[in-house]
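Chain residues, written in single-letter form:
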Amino acid sequence: KLSAAEGLGAVTIICSDKTGTLTKGEMTVRRLYANNRLVDVSGVGYEPKGEFRQDNHPVNPGNDAEVSMLLKIGSLCSNAQLEQDDKGLWMIVGDSTEGALIVAAAKAGFDQKALADQYPRIGEVPFTSERKRMTTIHKNSGGKILAFMKGAPEIVLSRCTHVLKDGKPLKLNERERRTILKINENMADEALRVLGVAFKELTDMNLEGSTKGTI
């Protein structure tokens, strides 16, 4: 619009997004928070290669209940697809944010298709600007019905009653809620886009009643 072009004449500083997101439309998971720990994730782009490290020490996601659950939820509660073309280049079909979650899980050895076979999706409540979260319903090999959720951290947290610690769901207290919100704030201050994830075992298919769960 002409008014916008005229307004640019008064601009002295332009703040733009970081390289990669701006020039390629790609997003990459850089950091995870689980079980009171921050875990850094290396690797760029959509190639599923990278390391997980805490305080510069390697972390094996496969042996870490909290990190592995976080990564699995991120991959399963998504509609994007990670694919490789004829030239061997990795690409995402779908939303770049969801793609970043799928790639992060793949870096940990959690193949998207294998996870989908292990946890077939049987329902979904799509993301909306009002709900600010997406929920998918899955049935595992043992016959359990699980709800997986991802969305705005403060919204997801408000729907949770427990937190996963050392492989066990423990009651969330106000101090822990404040800590999680502070971590969210700190990450946002570092120009990171932050998402929260949660899960719950369901006893029925009442999707709206399923949103209380474990983060």
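Preceding this section is the structure that the text describes.
About the thresholds
Residues numbered from 1 in each chain as written. Predicted model: local features only at pLDDT ≥ 70, side-chain atom pairs only at ≥ 80, totals over all residues. Heavy atoms only, no water. Core = buried A, V, L, I, M, F, W, Y, C linked by side-chain atoms within 4.5 Å. Buried < 20%, exposed > 50% of the residue type's maximum accessible area, 1.4 Å probe, protein only. Helix = DSSP H or I, 4+ residues; strand = E, 2+ residues; numbered from the N terminus. Contact = heavy atoms within 4.5 Å. Polar contact = N/O pair within 3.5 Å; in protein donor to acceptor, adjacent residues only side chain to side chain.

Novice: I tried to follow the nonpolar core on my own but got confused; where do I start?
Specialist: Judged by nonpolar contacts, the single largest core of 28 residues is most densely connected at Val-29, Leu-32, Phe-52, Leu-71 and Phe-148. At five residues, the largest contribution of residues to this core is made by helix 3 (residues 65-76). Phe-52 has contacts with Leu-32, Val-39, Asp-40, Val-41, His-57, Pro-58, Val-59, Pro-61, Leu-71, Ala-104, Lys-107 and Ala-108, leaving out every residue within four places of it along the chain. One finds Cys-160, Leu-172, Ile-180 and Ala-198 within the second-largest nonpolar core, a separate group that totals eight residues.

Novice: Help me understand the environment of Tyr-46, please; the structure alone is not making it clear to me.
Specialist: Following the sequence through the fold, Tyr-46 ends up in the loop between strand 2 (37-41) and strand 3 (52-54). Each C-alpha atom of the pair Tyr-46 and Asn-140 lies 27 Å from the other, and the pair is 94 residues apart in sequence. Setting aside anything within four residues of it in sequence, one finds Tyr-46 in contact with Gly-25, Glu-26, Met-27, Leu-82, Trp-90, Met-91, Ile-92, Ser-96, Ala-100 and Val-103. In this structure the side chain of Tyr-46 is engaged in a polar contact, spanning 3.5 Å, whose partner is the backbone nitrogen of Met-27.

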